[in-house]
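# Notes for the structure review
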Amino acid sequence: MNPPEVDRVAASRAAVAARRARAAVKRAVSERRLSAVSVLDTALSSSESIEASLRVRDLLMSIPGLGPVRVDRIMERLEIAPSKRLSGLGVHQQQRLREFLAKRAPVVERPEQSRLVVLAGPTAVGKGTVSGYIRENYPEVLLSVSATTRAPRPGEIDGVSYYFIDDAEFDRMVEAGEFLEWAVVHNKSRYGTPRGPIEEALAAGTSVLLEIDIQGARQVKGTMPEATLVFLLPPTWDELVRRLIGRGTETLEEQERRLTTARVELAAQDEFDHRVVNRDVEAAAAEVVELMQIQKATDLRSKE
Ligand code: 5GP
C-alpha cells in the first residue's frame, strides 16, 4: 500500500533536510570547526541525531588528509562494513573507532599553526624515502637540509641532499651555535641541522620536517619540547633485515654493525609522540603529514 501523497512529500522534504544537515556536519569536520570524536559522541548519545545517521565512511572521508584508499584501509582494520552508519555500530566497533578518531582527529585546531616534526627511526627503515616523498608531494612542508662531513654519494646534490662541508667548517658551525642539533652517526661522520632556516620557516608559519637520527631527535626534544617526534617503524623485524641487506651497499661487517644499532634504535620508540609503520611509502608520508596537523595534548593543556 502506498502512503498518501502528503506523507510522501513530507518524507522527501525531511530526507533532503537530513542530507543537508549531514553535509554541514561533514563540512565542519573537514574545516576543523568540529572534531570527528565529538560527532561520534553525539551520534552515540542520541540515536535520533543527524550525526547518528551519518555513515562511518563519510565521517572518515571528511577528516582532512584522509582519502578514499586510506579510509577503506582504516575501515577494514577497524572491522566496520563500508555501509555502516554511526548509529549501527556494535560496542567494540564504537570503541575501535573512538580510539582511532581520538588519535587522528582529536580536536578542533588552528590550521595556520606551524609545527616542527622530527622523523626518526632505525637504520634502513626508509626515512629518506618517506621524507623525499613528502618533499616532492607536499610543498607546504619545508624539509630541512642537514650539513654533513660525509662525502656525497653518486646523484646527491650539494644544498639539496645535504650541505657537504669539511670538518673545519662543521667545527666552526658548532662553535657559532648554528646547529639546532648535531650528532656523530654510525660512529663515522657528523651530521647537523642548521638552525637558521628552521627558525625562519616556523616564524613565517611554515611547518618543518627534520629527518634525523635518534640522538638528534632527543636533542631537539630537549631544546624544543613543542616539537612532535615521529618514529618510523618497519612492518616487521625480518622486513627491516631484508631492507638493510637488500640495499647491498654495505660490507658484511657493516651490515652486522647496523643491525646491532637498529636493535638499540627500535628500543627508543617509546620516547616518541607517534609511531608510523612504513608498509607503503605514500601512506606513511600521508600519515606523517597528517600528524603535523594534529594538536598535541601539551598545547591543549597550555591553552586551558
Ligand atoms: P645517510 O648518510 O645515509 O644519508 O644518513 C645516515 C643517518 O644520518 C640517517 O639515519 C639520517 O637520519 C641521519 N641524519 C641525517 N641528517 C642528520 C642531521 O642533521 N642530524 C642528525 N642527528 N642525524 C642526521
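Scroll up to find the structure this text is about.
Residues numbered from 1 in each chain as written. Predicted model: local features only at pLDDT ≥ 70, side-chain atom pairs only at ≥ 80, totals over all residues. Heavy atoms only, no water.

## Some points on the site of the ligand
Residues in contact with the ligand amount to 15 residues; listed here are only the nearest, S146, R150, Y162, Y191 and E211. A distance of 2.7 Å is found between a nitrogen atom of the ligand and a side-chain nitrogen or oxygen belonging to E181. Taking T193, its side chain carries an N or O atom lying 3.3 Å from an oxygen atom of the ligand. Considered on its own, the ligand offers 520 Å² of accessible surface; in the complex 90% of this is hidden by protein. Mapped onto the shell around the ligand, the elements with two or more residues apiece are β5 (179-185) and β6 (189-194). Residues belonging to the shell around the ligand are distributed by class as follows: 5 nonpolar, 4 polar and 6 charged. (Near = heavy atom within 4 Å. Polar contact = N/O pair within 3.5 Å; in protein donor to acceptor, adjacent residues only side chain to side chain. Areas by Shrake-Rupley, 256 points an atom, 1.4 Å probe, with all protein chains shown as cover. Helix = DSSP H or I, 4+ residues; strand = E, 2+ residues; numbered from the N terminus. Nonpolar A, V, L, I, M, F, W, Y, C, P; charged D, E, K, R; others polar.)

## What to know about the sheet that holds β5
Spatial ordering of the open sheet is given by β4-β3-β6-β5, a layout of 4 strands whose pairing is mixed. Edge strands, defined here as strands with exactly one partner in the open sheet, are β4 (163-164) and β5. Alignment of β5 against β6, held across 6 bridges, turns out to be antiparallel. Looking at the pairing, A183 lines up with Y191 of β6. Lying on the sheet, helix α8 (residues 195-203) is in contact with β5 and β6; it crosses β6 at an angle near 30 degrees. (Pairing = 2+ DSSP bridges. Contact = heavy atoms within 4.5 Å. Axes fitted to C-alpha atoms, helices over the stretch in contact; angles between N-to-C directions.)

## Brief notes about the nonpolar core
By size, the foremost hydrophobic cluster in this structure holds 43 residues, and its most contacted members are L116, V130, I134, L209, L210, V220 and V288. In contact with V288, not counting residues within four places along its chain, are L119, V130, I134, L209, V230 and V276. Counting 24 residues, the second largest nonpolar core, distinct from the first, contains L59, I63, L78 and L86. (Core = buried A, V, L, I, M, F, W, Y, C linked by side-chain atoms within 4.5 Å. Buried < 20%, exposed > 50% of the residue type's maximum accessible area, 1.4 Å probe, protein only.)

## Observations concerning the side chain of S131
With respect to the secondary-structure elements, S131 resides in helix α6 (residues 127-137). Once residues lying within four places of it in the same chain are set aside, the contact partners of S131 are L143, L209 and E211.

## Quick word on the packing of aromatic side chains
Counted under the stated rule, the structure contains 5 aromatic pairs. Ring plane angle 75 degrees and centroid distance 5.8 Å describe the contact between F170 and W182, whose orientation is recorded as edge-to-face. One end of the pair, F170, is in helix α7 (residues 167-175); the other, W182, is in strand β5, and 12 residues separate them in sequence. Overall, F170 belongs to the buried group, its relative accessible area being 0%. Overall, W182 belongs to the partly exposed group, its relative accessible area being 31%. A network of ring pairs unites the aromatic residues Y162, F164 and Y191 as a single cluster. Note that R190 overlies the ring of W182, its terminal NZ or CZ placed 5.9 Å from the centroid. (Phe/Tyr/Trp six-rings, centres within 6.5 Å; stacked < 30°, edge-to-face > 60°. Lys NZ or Arg CZ within 6 Å of the ring centre and 35° of its normal.)

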